[in-house]
Amino acid sequence: MVMMMAAAVRRGSEAFFIGSQIQRCQMKIMGMILLLSPTTHSLLSSNHSNSISSSTCSSSNTSSRSSRDKRKHDDACSFRNIDDALASFNHMIHRKPLPCIIQFTKLLSAIVKMGQYYDNVISLTKQMELAGLSPNIYTLSILINCFSHLQRVDLALSVLAKIIKLGLQPTIVTFTTLINWLCKVGKFAQAMELFDDMVARGCRPDVYTYTTIINGLCKIGETAAAAGLLKKMEEAGCQPNVVTYSTIIDSHRKDRRVNEALDIFSYMKAKGISPDIFTYNSLIQGLCNFSQWKEASALLNEMRSLNIMPDIVTFNVLVDTICKEGKVSEAQGVLKTMTEMGVEPDVVTYSSLMYGYSLRSKVVEARKLFDAMITKGCKPDVFSYNILINGYCKVKRIDEAKQLFNEMIHQGLTPNNVSYNTLIHGLCQLGSLREAHNLFKNMHSNGNLPNLFTYSILLDGFCKQGYFGKAFRLFRAMQGTYSKPNLVMYNILIDAMCKSGNLRDARKLFSELFVKGLQPNAQIYTTIINGLCKEGLLDEALEAFRNMEEDGCPPDEISYNVIIRGFLHHKDESRAVQLIGEMRDKGFIADAGTTTW
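The shown structure was predicted, so the numbers you read here are calculated from the model rather than taken from an experiment. (Residues numbered from 1 in each chain as written. Predicted model: local features only at pLDDT ≥ 70, side-chain atom pairs only at ≥ 80, totals over all residues. Heavy atoms only, no water.)

Digging into the overall build of the chain
Assigned secondary structure in the chain consists of 35 helices and zero strands. Counting only residues that meet the buried cut, the chain has 50% of its 597 residues in that class. Counting contacts in the chain only where the partners sit at least 6 residues apart, residues at least 24 apart contribute 64% of the total. Total accessible area on the chain is roughly 28,300 Å²; 53% of this is exposed by carbon and sulfur atoms. (Helix = DSSP H or I, 4+ residues; strand = E, 2+ residues; numbered from the N terminus. Buried < 20%, exposed > 50% of the residue type's maximum accessible area, 1.4 Å probe, protein only. Contact = heavy atoms within 4.5 Å. Areas by Shrake-Rupley, 256 points an atom, 1.4 Å probe, with all protein chains shown as cover.)

Written as structure tokens, this is what we have:
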């Protein structure tokens, strides 16, 4: 059943709040592996005696130990540091007879709980086997966990194969740990196969296993498959928890299917599962994305009635969405409410407000917020700097933009492509092409590879200032890099050539598109048609116009208006009237320049 769902795997996405919830699940799962209770120890002794060597804990061995040694072993999971743990292991491994596998497993569990010594645990496990100790299912599960944390899921899978070869029964925790890590490293098809194998072996998935698979499906955009698995989960008698439902709710939200998310939310509550802060945050963001303020407000009130207080994520969602709507004063009101409730704004809050002001070209207000953020001990990040740099560039205050760019570097932050592109664009807008080109070169030397947008900005700047030679050199240089010119860049050059009367080079570039395997779009066709019309080459213009349809790129309203104006300009009214008729038949509207001829 699940393998059929795997065939639908195509896309990738990341839920904004799922990590922390899944982490909670993982903590519970890891706890099952790492914390071996006395009850578990007795089960090990009675049910897995075949996996314990001759040096296991027999009752005679236990009674013959000194009280001092027994106390030391009972405290095997209490160490001040890794050196204490390794010293204890060294003492145990040289004892005759060897302590039982359970004591060693407790020690390994304690080291794993320290969180960074996975290589040490793997090495100690090898020493145990060399000393003649046969591992049990719990020891091997710890080993799987360690390999997984080291991103060696291939070796973790080989340990699972060893478990099966030894005739041991993998536990639900063993399977879930592996499934989770396979999903984390992007090997989702293998995770699905392992899930199917787990079921085939009679190991019944629990809520954590199902949630791990559902989260994996949601991360790659397979929300429908995740919802289908949720239904199968319930049919199998496994009750989903708040994390399971919230995962699917958030995936629907990311797919912009907020009504479906609300339906699952209602169903979840009807089943007696109480939503948590993550559930509400996801739904509030989904509603805000569609400007459904009334519904979002109702959810906020519902949260508070359940004593679930809005957190920084809730407020940031509200501030960000309201600012993008251009309602910065309302966003300031949210900020005030937020601080009154004891929730301190963070860099995301301030950045969202700065972005709102920048959208309205209120760069002075944005700068005040930037300075206030620093005063309150909230360190700006690259995103914050980029917003303010863009704000200054929009209002042509390029010196302040450059100052901020340099300040960002001085503060130990590394400018990204957005930083460079924003400043290069600002310089090009002011005609400072030499400085823009130098910044472009500086970008290279600092390890930032220019992207298509970078090249397009500079190319457009050169063309608008009439530096066609430099534009062509940049264009050809780009063709030798990993970033191949796209339709936007071809259109910039073709348009510049046509406007400067250089139709010969424009034609060459247009023909080159087909050689490079690029399909011209309506914009490029319209550009070359406009150039041909201006030169009076009406037959060639009409041929290109008709080729649009044949090339699977039907003319749009702009294309019709351009060619009709061309015919009218050159007094070819008969063909212009014919094209106007075609245009109207297709439901297009002639613009003022076309109808006034």
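Structure's up, so let's keep going.
Some points on the packing of aromatic side chains
Where two aromatic rings form a pair, the distance of their centres and the angle of their planes describe that pair. If you walk through the whole model with that rule in mind, you get twelve aromatic pairs. Pairing Phe-195 with Tyr-210 gives two aromatic rings, centres 5.7 Å apart and planes at 65°, and the pair type is edge-to-face. Linking Phe-195 in helix 12 (residues 188-200) with Tyr-210 in helix 13 (residues 207-219), this pair joins segments that are 15 residues apart in sequence. With relative accessibility at 2%, the residue Phe-195 sits in the buried group. In this structure Tyr-210 comes out as buried when scored by relative accessible area, which is 8%. (Phe/Tyr/Trp six-rings, centres within 6.5 Å; stacked < 30°, edge-to-face > 60°.)

Points about the packing of helix 27 (residues 452-464) against helix 28 (residues 468-479)
Across the interface, helix 27 lies against helix 28 with an axial gap of 8 Å and an inter-helix angle of 160°. Judged on the interaxial angle alone, helix 28 and helix 27 are roughly antiparallel. Regarding helix 27 and helix 28, the two cross each other, and that crossing is left-handed. Across from Leu-452, Tyr-455, Leu-458, Leu-459, Phe-462 and Cys-463 in helix 27, the residues of helix 28 making contact are Phe-468, Lys-470, Ala-471, Leu-474, Phe-475 and Met-478. Broken down by class, the residue content of the contact of helix 27 with helix 28 amounts to eleven nonpolar, no polar and one charged. (Axes fitted to C-alpha atoms, helices over the stretch in contact; angles between N-to-C directions. Parallel < 35°, antiparallel > 145°, perpendicular 65-115°, else oblique. Left-handed = near helix turned anticlockwise from the far one by under 90°. Nonpolar A, V, L, I, M, F, W, Y, C, P; charged D, E, K, R; others polar.)

Section: the packing of helix 29 (residues 487-499) against helix 30 (residues 503-515)
At a closest axis distance of 8 Å, the pairing of helix 29 and helix 30 adopts a crossing angle of 160°. Classified by the angle their axes make, helix 29 and helix 30 are roughly antiparallel. Handedness of the helix 29/helix 30 crossing: left-handed. Across from Leu-487, Tyr-490, Leu-493, Ile-494, Met-497 and Cys-498 in helix 29, the residues of helix 30 making contact are Leu-503, Asp-505, Ala-506, Leu-509, Phe-510, Glu-512 and Leu-513. Of the residues in the contact of helix 29 with helix 30, the class split is eleven nonpolar, no polar and two charged.

Concerning helix 25 (residues 417-429)
For helix 25, built from 13 residues, the straight-helix expectation of 18 Å at 1.5 Å per residue is met to within 8% by its first-to-last C-alpha distance of 18 Å. In terms of burial, helix 25 is largely enclosed, as ten of its 13 residues are buried. Three or more residues of helix 25 are buried, namely Asn-417, Ser-419, Tyr-420, Asn-421, Thr-422, Leu-423, Ile-424, Gly-426, Leu-427 and Cys-428. Elements in contact with the buried residues of helix 25: helix 23 (382-394), helix 24 (398-410), helix 26 (433-445) and helix 27. The backbone nitrogen of Val-418 has a side-chain oxygen 3.1 Å away, supplied by the residue at the start of helix 25, namely Asn-416. Residue Gly-431 follows helix 25 closely and has a positive phi angle near 85°. (Expected span 1.5 Å × (residues − 1). Polar contact = N/O pair within 3.5 Å; in protein donor to acceptor, adjacent residues only side chain to side chain.)

As for the environment of Val-363
Looking at where Val-363 falls in the secondary structure, it is placed in helix 22 (residues 363-375). The exposure class assigned to Val-363 is buried, which follows from its relative accessible area of 4%. Counting along the chain gives 29 residues from Val-363 to Tyr-392, while the straight-line C-alpha distance between them is 6.4 Å.

Regarding unusual backbone geometry
Backbone torsion omega between Lys-96 and Pro-97 reads -5°, so that peptide bond is classified as cis. By the element assignment, Pro-97 lies in the loop between helix 6 (82-93) and helix 7 (101-113). Of note in the backbone geometry, Asn-307 takes a positive phi value of approximately 60° without being a glycine. Within the fold, Asn-307 resides in the loop between helix 18 (293-305) and helix 19 (312-324). In this structure Asn-307 comes out as exposed when scored by relative accessible area, which is 66%.

Observations concerning the side chain of Gln-479
Relative to the helices and strands, Gln-479 is located in helix 28. Its relative accessible area of 17% is what places Gln-479 among the buried residues. A distance of 3.2 Å separates a polar atom in the side chain of Gln-479 from a polar atom in the side chain of Glu-512. With sequence-adjacent residues up to four places away left out, Gln-479 is seen in contact with Lys-484, Pro-485, Tyr-490, Glu-512 and Lys-516.

What to know about the pattern of salt bridges
Enumeration over the complete set of coordinates arrives at 20 salt bridges. A salt bridge links Asp-320 to Lys-324; its shortest N-O distance comes to 3.1 Å. Of this pair, Asp-320 and Lys-324 both sit in helix 19, four residues apart, which is roughly one turn of the helix. Taken together, the shared-partner salt bridges in this structure form one network comprising Asp-399, Lys-402 and Glu-435. (Salt bridge = Lys/Arg side-chain N within 4 Å of Asp/Glu carboxyl O.)

Considerations on the environment of Ile-284
One can find Ile-284 in helix 17 (residues 277-289). Classification of Ile-284 by relative accessible area gives buried; the value is 1%. Put simply, Ile-284 and Ser-297 are 13 residues apart on the chain and 8.2 Å apart in space, counted from C-alpha to C-alpha. Excluding residues within four positions of it along the chain, Ile-284 makes contact with Ala-296, Leu-299, Leu-300, Met-303, Thr-314, Val-317 and Leu-318.

Some details on helix 31 (residues 522-534)
An ideal rise of 1.5 Å per residue puts 18 Å on 13 residues; helix 31 measures up with 18 Å between its terminal C-alpha atoms. With ten of its 13 residues buried, helix 31 lies for the most part within the structure. On its buried side, helix 31 packs onto helix 29, helix 30, helix 32 (538-550) and helix 33 (557-569). A positive phi of about 80° marks Gly-536, the residue just after helix 31.

Focus: the confidence of the model for the chain
Summing up the model confidence of the chain, the mean pLDDT is 83 and the portion of residues at 70 or higher is 86%. With pLDDT under 50 throughout, residues 1-76 is counted as low confidence; its partners more than four residues away or in other chains account for 136 contacts. (pLDDT = per-residue confidence, 0-100.)

Some details on the environment of Asn-448
Relative to the assigned elements, Asn-448 resides in the loop between helix 26 and helix 27. Between the C-alpha atom of Asn-448 and that of Tyr-420, which follows or precedes it by 28 residues, the distance is 8.8 Å. If we ignore the near neighbours within four places in the chain, the residues touching Asn-448 are Pro-415, Asn-416, Asn-417, Tyr-420 and Met-443.

Concerning a positive patch on the surface
Taken together, the side chains of Arg-434, Lys-441, Lys-470 and Arg-473 make up a positively charged region of the molecular surface. Mapped onto the positive patch, the elements with two or more residues apiece are helix 26 and helix 28. (Patch = residues over 30% accessible without salt bridge, like charges linked within 9 Å, V, L, I, M, F, W, Y side chains within 5 Å. Lys, Arg positive; Asp, Glu negative; His and termini not counted. Charge placed at Lys NZ, Arg CZ, Asp CG, Glu CD.)

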